[in-house]
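Residue-level structure breakdown
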There are 2 protein chains.
Amino acid sequence: MSDAPPTDTPQAEAPSKNALKKAQKEKEKAEKKAAAKARELAERSKKEADDAADVSAGLYGELPLCGSTDFKPTGTRRADLAQAAELEDKEITFRCWVENARVQSAKLAFLNLRQNLNTVQAVVAASEKLSKQMVKFCGSISTESTIVVTGLVKRVKEPIKSASIKDYEIHIQKLFIESKAEVPLPLQVEDAERPLPTAEEEQKEGEGDERPLVSLNTRLNNRTIDLRAKINQSIFVIKSGVCALFQEFLSKKGFVLVHTPKILGAASEGGANVFELKYFDRPAYLAQSPQFYKQMLIASRFQKVMEIGPVFRAENSNTARHLTEFTGLDLEMEFQENYHEVMGVLEELMLFIFGELNARYKKETELVRGVYHVDAFKLPSAGNVPRIPFKEGIAMLREAGEELNDYDDLTTPQEKLLGKLVLQKYNSDFYTLDQFPLAIRPAYTMPSPADPQLSNSYDMFMRGQEICSGAQRIHDSNLLASQMRKHDPPIDPESAGTKDYVDCFKFGCPPHAGGGFGLERIVQFWLGLPNIRMCSLFPRDPQRVVP
Amino acid sequence: MSDAPPTDTPQAEAPSKNALKKAQKEKEKAEKKAAAKARELAERSKKEADDAADVSAGLYGELPLCGSTDFKPTGTRRADLAQAAELEDKEITFRCWVENARVQSAKLAFLNLRQNLNTVQAVVAASEKLSKQMVKFCGSISTESTIVVTGLVKRVKEPIKSASIKDYEIHIQKLFIESKAEVPLPLQVEDAERPLPTAEEEQKEGEGDERPLVSLNTRLNNRTIDLRAKINQSIFVIKSGVCALFQEFLSKKGFVLVHTPKILGAASEGGANVFELKYFDRPAYLAQSPQFYKQMLIASRFQKVMEIGPVFRAENSNTARHLTEFTGLDLEMEFQENYHEVMGVLEELMLFIFGELNARYKKETELVRGVYHVDAFKLPSAGNVPRIPFKEGIAMLREAGEELNDYDDLTTPQEKLLGKLVLQKYNSDFYTLDQFPLAIRPAYTMPSPADPQLSNSYDMFMRGQEICSGAQRIHDSNLLASQMRKHDPPIDPESAGTKDYVDCFKFGCPPHAGGGFGLERIVQFWLGLPNIRMCSLFPRDPQRVVP
């Protein structure tokens, strides 16, 4: 309708200049439209002719949205590229995503494809059986699109530098886009593979010739792209592994996995650093550790309990090793005669985890450490974890020039220095400090029989940084109440948040000890990463609650 | 001083009657005191003589608080009573607690001792080697005290009915109290072993002659005593087992264990039923499921993820199967061609869990079901889990007399009825309903290709009650946004709580499906328990946030 020439021009005796101009313009418009139509028609018929001549029609294109159409599954087995060597000269079908695609010529396109931690080069070459249209289509797929490829696995003469699979490439026969990535990406995956900038480098962002390193904030704001990087996939496979190894070891020792409540009716452990929430018509609080509950379970005759769960800390700490929500690996167990029995279990546990990380997650560990040029983690032999009395730690620090008193807490730099001293002396990146000063530990810590200013408590360290805090706990209700009252700040043992806990030790409770590990810290220090946020899928800190 | 006769009586010329009376009284008082002193002295010297003659001195008593005194560990190996048969005639040392202790005569006392799920009878008999004092001490220990016993394992002629170890008893040689239980206990453990009262029985509490059943509330208010009951220990060993089996099966299939944030910057999934908290200077929310995050991880190229973590629901539901905090067993995975691939994995997973519960947790399962007289759980054979289209479920219910429309949601009674019908027809307590009406599912559910009013979604049931809800999710950003807008109530795809989620599907995401199980429900319906609170260590509901 709109491209018909106008018929409603007012019939004036002498047409005005304007009217003439208007008529002229409309004429030109109509001519342009006709020309465009002719072009479109010509293109369409050319395309139809091309399509008719497209020997590859039906072998490439975009798939309809999987699941929303009633297509019959083909049942084609999907290949794992890790097995490329065993598939030489075979035709395989696999899902992967596009790292990049480029048209080399009208007859040749290359694609870098990724599947999990593997990358492979793929080629599409025009031939009698394979059309130029298909070459063009394949070479133009946007980066990060998900595709399904069918092709031949072919050995190459020269190793392919750009791919992790170096001796084979894929000769593409069919290629379908399953899920097309929009352009541009908010973050390049290859940028996410590079190290974080140091504070200094971040300052200089944009200066100089080199491609700048992308800041942690930009990465975390685009976390679902960021996580696609091999380094990040590896970090979280390792994290999953640490959990599995923790449970594997402790299950064999008879630990029961428990789930204690994260919503508490009253703030416990003194009430500092807890998040408050609205629980129907009353206030409630998020658990800052499962401490009280795991001990209540020991009083309930669970002899050995472990828990893996979120821990919430309303601390306004903006450091490279603090999160407001992290994953706690907790355990608590009764012991027979001495809390060192429990320390022994903890040390054995960690040696098991480290040993198996080296065995089962070697590839991922090396991939991550490679990016940051991190030294291997020095392990003590079984039964030889350095177990250093706090007093001795103080003495070592003093000898190195630090000034501090017998019952002072260590600062973070002092902890790191001690880590170096221990490494020099014992050749181990993992060790325990035992018999901490009582005053700097929680009120439920058992005082030391050797020195009332010390306590039966311990911390464990990796590369000079704390990963675990633990102790023998007071299992006598009266002593616990009196220690709470004496504590700085004092805790009222009769208050709503503590009464059930203090009372549970009135009805027969065995001596017990335990510890709480920060899962993200274990991963961070195992890999030697600069920031704990890299070890949380969607980290939470005082500034960040999204995505 | 105070027992010296009074010397400060005022010297009056003629003592008044009152003064005489007073003097008389004081004289009597002094005499009484002298007599008491003599008695005390006689008792003390008798005790000293007895102690001197106590052949068992040093073999019984109360241990000093373990850990607070510098005692040397003896290193004595502690025995497991489960091995009693292999320890016949041997001297063993073990920790246990006292179910009850009674003095039979001056020369004989019996104790029922418990260690984990085992109970054993112990005897203390006075002899040349064993004093009456020790018999008295042992027979008077308060119920639930923790003790360390050394004794001989002796075969008995008649099986002991009151103990789980029927063919052996312990002849006590040494006995020390490690942690004495106060008297009275707020709840008797033997009462916690009995079934919960029905609503009817609870009404009648106190009437009649029988010892009343203790209400769930009383039990939960004294949970650390309640949990000592064998039935409760068994429930939580099974719960721990379900988690371990879930991970064992899925790990082998290549699933990565993930930990998604529980604190969210904005309410997602429509914003209903979420707990709000104060996050420093802004509001935040507790995750009501890991749904958005596990899908974002699929978009991040994690092909298969699982999570075990707390799930928070601010629903004011006071039923026997709802909690405000429960443990979610979640999984999400990409699939190749059809979401039924994922349903297959879920069904196989549950058959594995059920099978291994029968194999590895038979004792615990039978112990719990025995208390409630629950039928065994009818299992389908591998590959034969009834997979019933929702439409067929509706037809079965109609045939049974229910009136409902094709796209109606099922009520709880209808679900339970359907469970009975399925059991009759397929001889299985476990089954899947597939292709639910789209309108009653979340906005991110993939519509069905067969019928736009249906969806590629499913629920799984045990004994006619829902344990899992799952679906194929929309992996196309545009379709997802449009479905959110059309949803009742509508969800704004641009809002803070959903934008990151909707956008993550713009950059290439494979088709995927998954599901979320309620761990406590699996345990509840496996065991046939009347209330889900029994399957949470410290349950949370709209009325309860303590202990």
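Residues numbered from 1 in each chain as written. Chains lettered and ligands numbered in written order. Predicted model: local features only at pLDDT ≥ 70, side-chain atom pairs only at ≥ 80, totals over all residues. Heavy atoms only, no water.

Here is the rule: UniProt positions are given in the numbering used here, feature names are shortened, and annotations may be inferred rather than shown by experiment.
In the nomenclature of an unreviewed UniProt entry, chain A corresponds to Probable aspartate--tRNA ligase, cytoplasmic from the organism Ampelomyces quisqualis. Entered under Sequence similarities (unreviewed entry) in the UniProt record, the comment concerning chain A runs "Belongs to the class-II aminoacyl-tRNA synthetase family. Type 2 subfamily." On record in UniProt, under Subcellular location (unreviewed entry), the comment for chain A is "Cytoplasm".

1. Some points on the packing of helix α7 (residues 230-252) of chain B against helix α10 (residues 362-372) of chain B
Residues and elements named next belong to chain B. The cut-off we apply is this: Structural elements are reduced to axes, namely lines fitted to C-alpha atoms, with helices fitted over the stretch in contact, and the angle between N-to-C directions of any two is expressed from 0 to 180 degrees. Where helices and strands are cited, they refer to DSSP runs of H or I of at least four residues and of E of at least two residues respectively, numbered from the N terminus. Note on terminology: angles under 35 degrees are roughly parallel, angles over 145 are roughly antiparallel, angles of 65 to 115 are roughly perpendicular, and the others are oblique. Crossing handedness: left-handed means the near helix sits turned counterclockwise from the far one by under a right angle, and right-handed means the same turn made clockwise. Only heavy atoms matter for contacts: two residues are in contact if any of them lie within 4.5 Å across the pair. As a working rule, the residues Ala, Val, Leu, Ile, Met, Phe, Trp, Tyr, Cys and Pro are called nonpolar, Asp, Glu, Lys and Arg charged, and the rest polar, with Gly in that last group.
The contact between α7 and α10 brings their axes to 9 Å, and the two run at 130 degrees. In this view, α7 runs oblique relative to α10, as classed from their interaxial angle. In this structure, α7 meets α10 at a crossing whose hand is left-handed. Two secondary-structure elements touch here, α7 through K230, I231, S234, I235, V237 and I238 and α10 through E364, T365, L367, V368, V371 and Y372. The class makeup of the residues in the contact of α7 with α10 is eight nonpolar, two polar and two charged.

2. Notes on the packing of aromatic side chains
The cut-off we apply is this: Aromatic rings from Phe, Tyr and Trp, with only the six-membered ring used for Trp, were paired whenever their centres fell within 6.5 Å, and each pair was classed as stacked if the ring planes differed by under 30 degrees, edge-to-face if by over 60, and tilted otherwise.
What the rule picks out here adds up to 34 aromatic pairs over all chains. Judged by centre distance (5.0 Å) and plane angle (85 degrees), the rings of Y279 of chain B and F280 of chain B are edge-to-face. Three or more aromatic residues link up through ring pairs in this structure, and these residues are F292, Y444, Y501 and F505 of chain A.

3. Concerning helix α10 (residues 362-372) of chain A
Residue and element names in this part refer to chain A. Rules: Residue exposure (1.4 Å probe, protein chains only): buried if accessible area is under 20% of the type maximum, exposed if over 50%, otherwise partly exposed. Each C-beta atom gives one direction from the helix axis, and the arc is the one those directions make.
Of all the positions in α10, only E364, T365, V368, R369, V371 and Y372 are classed as buried. An end-on view of α10 places all buried positions within 155 degrees of arc, on one side of the element. Packed against the buried residues of α10 are α7 (230-252), α9 (340-360) and α15 (519-527).

4. Overview of the packing of α9 of chain A against α10 of chain A
All names here are of chain A. Packing of α9 against α10 brings their axes to within 5 Å, and their N-to-C directions diverge by 90 degrees. One finds that α9 runs roughly perpendicular with respect to α10. Every residue of α10 that contacts α9 at L357, N358, A359 and R360 is listed here: K362, E364 and T365. The residue makeup of the contact of α9 with α10, split by class, is two nonpolar, two polar and three charged.

5. A short note on the interface of chain B and chain A
What counts is decided by this rule: Buried area: the accessible area, evaluated with a 1.4 Å probe, that two parts lose upon being put together, summed over both parts. Every case where a carboxyl oxygen of Asp or Glu lies within 4 Å of a side-chain nitrogen of Lys or Arg is listed as a salt bridge. Pairs of N or O atoms within 3.5 Å make up the polar contacts considered here, provided that, within protein, one atom can donate a hydrogen while the other can accept it, and that residues adjacent in sequence are counted only when both atoms are side-chain atoms.
Contacts between the two partners involve 104 residues from chain B, matched on the other side by 104 residues from chain A. Interface area, chain B with chain A, both sides summed: about 9000 Å², of which 58% is carbon and sulfur. Looking at the side of chain B facing chain A, the largest losses of area belong to R301, E337 and F507 of chain B, adding up to 9% of the total buried there. Here chain B is connected to chain A by eight salt bridges. For E334 of chain A, the salt bridge is made with R95 of chain B, and the minimal N-O distance between the two is 2.8 Å. Where chain B packs against chain A, one counts 56 residue pairs in polar contact (both at pLDDT 80 or more).

6. Details of the pattern of salt bridges
Evaluation of the coordinates by the stated rule reveals 61 salt bridges over all chains. Note that R301 of chain B is salt-bridged to E144 of chain A, the shortest N-O span being 2.8 Å. Placement of the pair is R301 of chain B in the loop between α8 (291-299) and β11 (304-312) and E144 of chain A in the loop between α2 (132-139) and β5 (146-155), with the two residues belonging to separate chains. A residue is classified by how much of its surface remains accessible, and E144 of chain A, at 2% relative accessible area, is buried. R321 of chain A is paired through a salt bridge with E415 of chain A; the nearest N and O atoms lie 3.5 Å apart. One end of the pair, R321 of chain A, is in the loop between β11 (304-312) and β12 (325-334); the other, E415 of chain A, is in helix α12 (residues 412-426), and 94 residues separate them in sequence. Looking at R321 of chain A, the relative accessible area reads 12%, which means it is buried. Its relative accessible area of 9% is what places E415 of chain A among the buried residues. Several salt bridges converge on common partners, so that one network encompasses K294, D330, E332 and R473 of chain A.

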